[in-house]
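Reading the structure
The primary structure of each chain is shown beneath.
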Amino acid sequence: AHWQQPHPAVTPQAQDFVADPTDGDRAYLVTSQLPSRVLISTDAGVTFSTLFTFANVATPTRIAVSADGNTLYAICDTRVFRSTNRGNSWQQRTDVASSSFFAGNIALVDPSDASTLYLVRNDQILVTHDGGGAWTNIAPPMTAGVEDFAIDLADPDVLWAATVSRLQHSTNRGVSWSIAQAGWTVAVTLDPHSPSTVYAGQVHGSILRPNGATWS
């Protein structure tokens, strides 16, 4: 009903932000403005301050937080950083390949495992199960581009990938995929109160949800 712009000095350069799932007043923000850093708000975005500054790295493009709020990931170009103490200190993890970098990517932490992070980068879905130590590409075969990505909060084995050719569905954390709906799909999200209810947005403007074996 009512909106206000948070701290005007930093939000115009905002690259990504995420709220702490355990504390709605606590939020993290990364910007395109040097120095490379993570900003924090403890008053629901009214004010921000620098939580941590990275030395000699590009500005972060994405930030993600675990379900318990303790683990954070920051993506700085090809470099991946992790904090296990709510952002007070950070460790650099294994870089992702430069060829996979794409500015509009997505970073999501598995809701049941803070060591599992998914990075969506153009035609790749990269996953780590050891907090960024090793990475595997689990994108569906013949994927031309991943537009959006979602994890079932009630069953994290279930993944959804919206791609330029179809909506894809996995029930085993991306080991295998099936086609849920044909057509260029640009967005996918799950009802947080009923994760079996899936919504998919297609490029021509339709919003679909499953109705038994069909989509309507």
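Here the structure is a predicted model, which is why all the values come from computation and not from measurement.

1. Structural notes on the pattern of salt bridges
Going through the model one piece at a time under the given rule, you end up with four salt bridges. Here Arg86 ties to Asp20 by a salt bridge, and the two come within 2.6 Å at their closest N and O atoms. Taken together, the positions of Arg86 in the loop between strand E7 (79–83) and strand E8 (91–92) and Asp20 in strand E1 (residues 14–20) put the pair 66 residues apart, joining distant regions of the chain. Accessibility expressed as a relative area gives 25% for Arg86, which makes it partly exposed. Here Arg173 and Asp110 are joined by a salt bridge, their closest N and O atoms 2.5 Å apart. With Arg173 in the loop between strand E15 (166–170) and strand E16 (178–182) and Asp110 in the loop between strand E9 (106–109) and strand E10 (117–121), this residue pair connects regions lying 63 residues apart in the sequence. You can call Arg173 partly exposed: its relative accessible area is 24%. Sharing partners across several salt bridges, the network here consists of Asp20, Arg26 and Arg86.

2. Some words on the nonpolar core
Grouped together as the largest cluster of nonpolar side chains are 15 residues, with contacts concentrated most on Tyr28, Val38, Phe54, Ile63, Phe81 and Trp90. When residues of this core are traced back to their parent elements, those giving at least two are strand E2 (23–31), strand E3 (37–41), strand E5 (62–65) and strand E6 (72–76). Considering each element in turn, this core owes the most residues, three residues, to E6. In contact with Ile63, other than residues within four places in its own chain, are Asp16, Phe17, Val18, Tyr28, Val30, Val38 and Tyr73. Within the second largest apolar cluster, 13 residues are counted, among which are Ile106, Val120, Val127 and Trp177.

3. Structural notes on the sheet that holds strand E12 (residues 136–137)
Strand order across the open sheet formed by four strands is E9-E10-E11-E12, with antiparallel pairing between neighbours. The open sheet terminates on both sides in strands that have one partner only, identified here as E9 and E12. The pairing of E9 with E10 spans four bridges and is antiparallel. When the sheet's bridge partners are listed, Leu108 is paired in E10 with Tyr118.

4. Regarding the pairing of E7
Among the five residues in E7, four count as buried, and that is most of the element. Counted between consecutive antiparallel strands, the loop separating E6 from E7 contains two residues, among which Asp77 sits at a positive phi close to 60°. Where E7 lies against E8, two bridges are found, and the strand directions are antiparallel. Each bridged residue has a counterpart across the sheet, and for Arg82 the counterpart in E8 is Gln91.

5. Focus on the side chain of Arg26
Note that Arg26 resides in strand E2. You can call Arg26 buried: its relative accessible area is 16%. Within the structure, the side chain of Arg26 is placed 2.6 Å from the side chain of Tyr28, a separation counted as a polar contact. Residues contacting Arg26, with those up to four places away along its chain left out, are Ala19, Asp20, Ile40, Ser41, Thr42 and Arg86.

Calculation rules
Residues numbered from 1 in each chain as written. Predicted model: local features only at pLDDT ≥ 70, side-chain atom pairs only at ≥ 80, totals over all residues. Heavy atoms only, no water. Salt bridge = Lys/Arg side-chain N within 4 Å of Asp/Glu carboxyl O. Helix = DSSP H or I, 4+ residues; strand = E, 2+ residues; numbered from the N terminus. Buried < 20%, exposed > 50% of the residue type's maximum accessible area, 1.4 Å probe, protein only. Core = buried A, V, L, I, M, F, W, Y, C linked by side-chain atoms within 4.5 Å. Contact = heavy atoms within 4.5 Å. Pairing = 2+ DSSP bridges. Polar contact = N/O pair within 3.5 Å; in protein donor to acceptor, adjacent residues only side chain to side chain.

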